[in-house]
Amino acid sequence: MIKKRLGLLAYILFVLLPIYWLIIMSFKTNEEILGSLTLWPANFTFDNYITIFTDPSWYMGYVNSITYVALNMVITLLVALPAAYAFSRYKFIGDKHLFFWLLSNRMAPPAVFLLPFFQLYSSVGLFDTHLAVALAHCLFSIPLAVWILEGFMSGVPKEIDETAYIDGYSFGHFFIKIFIPMIRSGIGVTAFFSFMFSWVELLLARTLTSVDAKPISAIMTRTVSASGIDWGLLAAAGVLTIIPGVLVIWFVRNHVAKGFALGRV
Amino acid sequence: MNKVQNNKAWWLILPMFALVAFSAIIPLMTVVNYSVQDIFDQNTAYFVGVEWYQEVLRNERLHDSLLRQFIFSFSILAIEIPLGILVALMMPKTAGWKTSLTLILLALPLLIPWNVVGTIWQVFARGDIGLFGWAMNALGFEYNYTANAIDAWLTVVLMDVWHWTPLVALLCYSGLRAIPDAYYQAAKIDRASRWAVFRYIQFPRLKAVLIIAVLLRFMDSFMIYTEPFVLTGGGPGNATTFLSQTLTQMAIGQFDLGPAAAFSLIYFLIVLLVSWLFFTSLSLTDKDQLKQGSASS
């Protein structure tokens, strides 16, 4: 038992140490970072954070990122919910092929779609909008969402649907009033996953935006300048990107393990 | 579950289908179109057939980066899967705030944007300002990931292990939670050894989640781009240039559209082929699992 505890503790230490290093670095001045190796900031400073929160070209990056992530989450849930219901309840022509085709999109390397996406969204006038990034991310988040939701929905007995129809519920009424509340943990987990995917992705988000919808991860490269890298500022920007994830995972903490197994355990 | 045959279900699929098709089929057609043409500018293009494919298949640089990619994917699988199982086995069994806290701490690396993961390790592994690099040097190793190819490899692998082992651990953890307590009690009565419990009770139940884990880890590691790009920029030399980066260099750096498109399709096909193998075994195991599940409950 003690051995287990120690092993787990050692692993968690391994997970946290690099993050700890980033966090304390964000409170140091650049002189201290480059001058000496200190485990705790000697001159505790908030300057790096103040720079980010007072400069629109910095904090707008966060606003942009959160905008397209939220858009992606909403679109994904809206179209994945009915689709997952269909997959979990009915057989229809081409269902297996469709499901595999859907998953195959999850397997496409984003680098493959880079250039075509750029051209497609430019040609329909979506380039450099939040919607373009959200739609591009949908290609990868929808397959996963359908997969997870289908797993959760299959866990709901079909007798419930049938009873509701006998009681005279219409499909829409049943779906919204009865079915969705029954799988709300599944929906929470799905929302969490589409958030996660969209939040961490950089390659597509950076390619599909230039000014107006530029994500924070692309703005972070600004810290590299002719005079070297502004380590403190970079660290502070990094720390701020971790916080939304921590907040979101808090809400789904009891279901997250099941969600990672795609609702299938 | 017995499903009803009903083709009207397509109406429920339609919005999703339209959206994904817009984002998947049109771009894919564009890529196919590029891969068979030689494009000079907007209006001049020649049909060249399979020439680009032949060129890509002969290209030494791509062979090297494909080899590197396979070595990388298999080495991280070999480390992350056993380590993930081990961590899952060490997790506390009872629900409570300690378990929630452990879960959240474990999931932390998964929620960090990939470029920030690169940044974290870029800082952490540097000899002058990073704890890890500094500690390695203090211990007497000559460690410098920006100059030495082996060190760069080790750092990229270590970073991926740090980043993605939690995913495997969480998957396995949820698999373990699904085992009814009665199994353990029966094992206790039979005085089964720790190993026997793992081999005959825990491992069979883990199989389904492990296939998902292997599948996801294979796919994602095969597409890795951002993390090594930020950490090492693909260097030193080409030591850590993986497929996605080679492709991006070709498509956007050099604007070799034809070869890049042909390469894209081959790349996609490789991922698809390997994933299909996993998917088939996944659905087979899923069925076994269902049978077991209905028998035990």
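Residues numbered from 1 in each chain as written. Chains lettered and ligands numbered in written order. Predicted model: local features only at pLDDT ≥ 70, side-chain atom pairs only at ≥ 80, totals over all residues. Heavy atoms only, no water.

Undergrad: Any details on the overall build of chain A? Residues and values, ideally.
TA: Across its full length, chain A holds 14 helices and 3 strands. Expressed as lengths along the three principal axes of its C-alpha atoms, the size of chain A is roughly 75 × 60 × 30 Å. Within chain A, the proportion of its 265 residues that are buried is 57%. Summarising the internal contacts of chain A: among those between residues at least 6 apart in sequence, 74% fall at separations of at least 24. Carbon and sulfur atoms provide 69% of the accessible area of chain A, an area that totals close to 10900 Å². Across chain A, the mean location of the 17 positive side-chain charges is 12 Å away from that of the 14 negative side-chain charges. (Helix = DSSP H or I, 4+ residues; strand = E, 2+ residues; numbered from the N terminus. Buried < 20%, exposed > 50% of the residue type's maximum accessible area, 1.4 Å probe, protein only. Contact = heavy atoms within 4.5 Å. Areas by Shrake-Rupley, 256 points an atom, 1.4 Å probe, with all protein chains shown as cover. Lys, Arg positive; Asp, Glu negative; His and termini not counted. Charge placed at Lys NZ, Arg CZ, Asp CG, Glu CD.)

Undergrad: Requested: an account of the overall build of chain B, with residues and values cited.
TA: For chain B, the helix and strand inventory stands at 12 helices and 3 strands. Along the three orthogonal principal directions, the C-alpha set of chain B runs to about 75 × 70 × 30 Å. Taking contacts inside chain B between residues at least 6 apart in sequence as the whole, the part at least 24 apart equals 68%. Charged side chains in chain B number 18 positive and 18 negative. The centres of these two groups are separated by 20 Å.

Undergrad: Summarise the interface of chain B and chain A; cite the residues concerned and give the values.
TA: Across the boundary between the two partners, chain B contributes 98 residues, which contact 94 residues of chain A. Between chain B and chain A, the buried area comes to about 8800 Å², and carbon and sulfur atoms account for 80% of it. Taken together, the connections running from chain B to chain A amount to 0 salt bridges. For the interface between chain B and chain A, the tally reads 10 residue pairs in polar contact (both at pLDDT 80 or more). In terms of residue count, helix H1 (residues 10–35) of chain B provides more of the side of chain B that touches chain A than any other element does, 19 residues in total. Here strand S1 (residues 90–91) of chain A pairs with strand S1 (residues 4–5) of chain B via 2 bridges, running parallel. Following the sheet pairing, A:Lys91 is matched in S1(B) by B:Gln5. (Buried area = accessible area lost by both parts, 1.4 Å probe. Salt bridge = Lys/Arg side-chain N within 4 Å of Asp/Glu carboxyl O. Polar contact = N/O pair within 3.5 Å; in protein donor to acceptor, adjacent residues only side chain to side chain. Pairing = 2+ DSSP bridges.)

Undergrad: Break down the packing of aromatic side chains for me, with residues and values.
TA: Taken as a whole, this structure holds 45 aromatic pairs over all chains when the rule is applied. Relative to A:Phe193, the ring of A:Phe192 has its centre 5.3 Å away and its plane inclined at 85°; by these criteria the two rings are edge-to-face. Grouping residues by exposure puts A:Phe192 and A:Phe193 together as buried. Here B:Phe222 and B:Tyr267 contribute two aromatic rings whose centre-to-centre distance is 6.1 Å and whose plane-to-plane angle is 55°, an arrangement assigned as tilted. Separated by 45 residues along the polypeptide, B:Phe222 in helix H9 (residues 194–222) and B:Tyr267 in helix H12 (residues 257–296) bring together distant segments of the chain. (Phe/Tyr/Trp six-rings, centres within 6.5 Å; stacked < 30°, edge-to-face > 60°.)

Undergrad: Could you give an account of the packing of helix H4 (residues 97–107) of chain B against helix H7 (residues 149–177) of chain B, naming the residues involved and the relevant values?
TA: Residues and elements named next belong to chain B. Direction vectors running N to C along H4 and H7 enclose 145°, while the axes themselves pass 9 Å from each other. Between H4 and H7, the residues in contact are Thr 99, Leu 103, Leu 106 and Ala 107 and Pro 166, Leu 170 and Tyr 173, respectively. Its residues assigned to classes, the contact of H4 with H7 comprises 6 nonpolar, 1 polar and no charged. (Axes fitted to C-alpha atoms, helices over the stretch in contact; angles between N-to-C directions. Nonpolar A, V, L, I, M, F, W, Y, C, P; charged D, E, K, R; others polar.)

Undergrad: Tell me about the nonpolar core, residues and numbers included.
TA: Residues A:Phe87, A:Val146 and B:Met16 are the most contacted members of the largest nonpolar core, which totals 180 residues. The element best represented in this core is helix H7 (residues 130–154) of chain A, accounting for 16 residues. Excluding its chain neighbours within four sequence positions, the residues that come into contact with B:Met16 are A:Val79, A:Ala83, A:Phe87, A:Leu102, A:Ile142 and A:Val146. By size, the runner-up hydrophobic cluster in this structure holds 6 residues, among which are A:Leu115, B:Val31, B:Ala261 and B:Leu265. (Core = buried A, V, L, I, M, F, W, Y, C linked by side-chain atoms within 4.5 Å.)

Undergrad: How would you explain unusual backbone geometry if you had to name every residue and give the values?
TA: Its identity is not glycine, yet A:Asp128 carries a phi of approximately 65°, on the positive side. Position of A:Asp128 relative to the elements: it lies in the loop between helix H6 (110–123) and H7.

Undergrad: So what about the packing of helix H3 (residues 47–54) of chain A against helix H4 (residues 56–89) of chain A? Which residues, and what values?
TA: The relative placement of two packed helices comes down to the angle between their axes together with the axis-to-axis distance. All names here are of chain A. As a packed pair, H3 and H4 sit with axes 5 Å apart at the nearest point and diverge in direction by 75°. Between H3 and H4, the crossing angle belongs to the class labelled roughly perpendicular. Judged by residue contacts, Thr 51, Ile 52, Phe 53 and Thr 54 of H3 engage Pro 56, Trp 58, Tyr 59 and Tyr 62 from H4. (Parallel < 35°, antiparallel > 145°, perpendicular 65-115°, else oblique.)

Undergrad: Which residues make up the confidence of the model for chain B, and what values go with them?
TA: Predicted coordinates in regions of low pLDDT should not be interpreted in detail. All names here are of chain B. On average, residues of chain B score 83 in pLDDT, and 92% of them are at 70 or above. Confidence over residues 293–297 falls short of pLDDT 50; this stretch has 2 contacts with residues more than four positions distant or in other chains. The ipTM for the predicted assembly is 0.84, set against a pTM of 0.85. (pLDDT = per-residue confidence, 0-100.)

Undergrad: I'd like to hear about the pattern of salt bridges, residue by residue, with values.
TA: Within this structure, the stated rule accounts for 4 salt bridges over all chains. A salt bridge links A:Asp161 to A:Arg89; the shortest N-O distance between them is 2.8 Å. With a gap of 72 residues between them, A:Asp161 in helix H8 (residues 158–166) and A:Arg89 in helix H4 connect regions that are remote in the sequence. Residue A:Arg89 is classed as buried on the basis of its relative accessible area, which comes to 2%. Where salt bridges share partners, they join B:Glu80, B:Asp160 and B:Arg217 into one cluster.

Undergrad: Requested: an account of the confidence of the model for chain A, with residues and values cited.
TA: Averaged over every residue, the pLDDT of chain A is 84; the share at 70 or more is 95%. The spread of mean pLDDT over the elements of chain A runs between helix H14 (residues 256–260) of chain A, the lowest at 64, and H4(A), the highest at 91.

Undergrad: Describe H8(A), and please don't skip the residues or the numbers.
TA: Along H8(A), the residues that are buried comprise A:Lys158, A:Asp161 and A:Ala164. Buried residues along H8(A) cover an arc of 125° about the axis, so they all sit on one side. Where H8(A) is buried, its residues touch H4 and helix H9 (171–182) of chain A together with S1 of chain B. Count one or two residues on from H8(A) and you reach A:Gly168, which has phi positive near 90°. (Arc of directions from axis to C-beta.)

Undergrad: Give a detailed account of the side chain of B:Asp160, specifying residues and quantitative values.
TA: Residues and elements named next belong to chain B. Mapped onto the elements of the fold, Asp 160 is located in helix H7. Residue classification places Asp 160 among the buried residues on the basis of a relative accessible area of 2%. A distance of 2.8 Å separates a polar atom in the side chain of Asp 160 from a polar atom in the side chain of Arg 217. With near-sequence residues (within four places) excluded, Asp 160 lies in contact with Phe 72, Ile 76, Glu 80, Thr 165, Arg 217 and Ile 224.

Undergrad: Break down a nonpolar patch on the surface for me, citing the residues and quoting the values.
TA: Residues and elements named next belong to chain A. Taken together, the side chains of Leu 17, Tyr 20, Leu 39, Trp 40, Phe 44, Phe 46 and Ile 50 present a nonpolar region at the surface, about 730 Å² in accessible area. Structurally, the position occupied by Leu 17 is in helix H1 (residues 2–26). When its relative accessible area of 33% is taken as the criterion, Leu 17 is described as partly exposed. (Patch = residues over 30% accessible without salt bridge, like charges linked within 9 Å, V, L, I, M, F, W, Y side chains within 5 Å.)

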